[in-house]
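The lines below spell out each chain.
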Amino acid sequence: MIELVDVWHHYGVRPTLRGIDLRVEAGELVCVMGPNGMGKSTLLKVAAGVLPCLRGSVAIDGQRRRSSVEVEAEIRRKVAYLPDTPWLPWVTAREFLVACGRVYGVAEERLFDHAERLLGLFHLDGEADKTVGDYSTGQKKKLGLCAALVTDAPVLLLDEPFSGGIDSSGLRAIQAVLQHIAEDQARTV
């Protein structure tokens, strides 16, 4: 589902990724671990298409990133990327989740139920109609995860999903949800 071949990236004269080869099969749940500053976030950004690889190639579901506008658009419909610090608009959580689901073409009859279940799972249902700007750091992180999950994208690229002030019940929920969607729904995480 995800294949990186001889991927290189650098910031100015500082090499970050050098000759990275990675293959992730459909339905796999993979964690990239390492010390700070080793290129984990850069790797995810390259896989997500946020950054170009300076050498090598990235393919999602057999399609090469940046090979054409049409192919890139098709890949973007299959991949939900959550950066470590997501940008959240000044709307309510419910409005944000519905908007994210619509961007990915989630059917309306599924979207509203799905958003409600996610808000409940992450204990945000009581805050669902409050403006996101009033959320705590941990609540914003959980909402970002809800936004990635509500898309039903077959590929989820999540940068630091277990960090950012998430409480212990949220951490358990994240672990259970990610295992479920990889094992039972064959989505790639």
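Please refer to the structure higher up on the page.
Scoring rules and cut-offs
Residues numbered from 1 in each chain as written. Predicted model: local features only at pLDDT ≥ 70, side-chain atom pairs only at ≥ 80, totals over all residues. Heavy atoms only, no water. Helix = DSSP H or I, 4+ residues; strand = E, 2+ residues; numbered from the N terminus. Buried < 20%, exposed > 50% of the residue type's maximum accessible area, 1.4 Å probe, protein only. Contact = heavy atoms within 4.5 Å. Areas by Shrake-Rupley, 256 points an atom, 1.4 Å probe, with all protein chains shown as cover. Lys, Arg positive; Asp, Glu negative; His and termini not counted. Charge placed at Lys NZ, Arg CZ, Asp CG, Glu CD. Salt bridge = Lys/Arg side-chain N within 4 Å of Asp/Glu carboxyl O. Disulfide = S-S within 2.5 Å.

(A) Expanded view of the overall build of the protein. For the protein, the count of helices and strands is six helices and six strands. Along the protein, helices (α) and strands (β) appear in the sequence β-β-α-β-β-α-β-α-α-α-β-α when read from the amino end. A principal-axis box enclosing the C-alpha atoms of the protein has dimensions of 45 × 35 × 30 Å. The buried share of the protein, taken over its 189 residues, is 43%. Contacts in the protein between residues at least 24 apart in sequence constitute 61% of all its contacts with a sequence separation of at least 6. By element, 54% of the accessible surface of the protein is carried by carbon and sulfur atoms, the whole surface being about 9,900 Å². Counting 22 positive and 25 negative side-chain charges, the protein places the centres of these two groups 6 Å from one another.

(B) The pattern of salt bridges, seen in detail. Using the criterion set out here, one finds 14 salt bridges in the structure. Taking the shortest distance from any N to any O, the salt bridge between Glu-74 and Lys-78 comes out at 3.8 Å. Of the two residues, Glu-74 and Lys-78 both sit in helix 2 (residues 69–78), four residues apart, roughly one turn of that helix. Residue class for Lys-78 comes out buried when judged on its relative accessible area of 16%. One continuous salt-bridge network, built from bridges that share partners, spans Glu-3, Arg-23 and Glu-25.

(C) Spotlight on the state of the cysteines. The tally for this structure, following the rule as stated, stands at zero disulfides. With no disulfide partner, Cys-31 has as its closest neighbouring cysteine sulfur the one in Cys-146, 19 Å distant. By relative accessible area, Cys-31 is classed as exposed at 57%.

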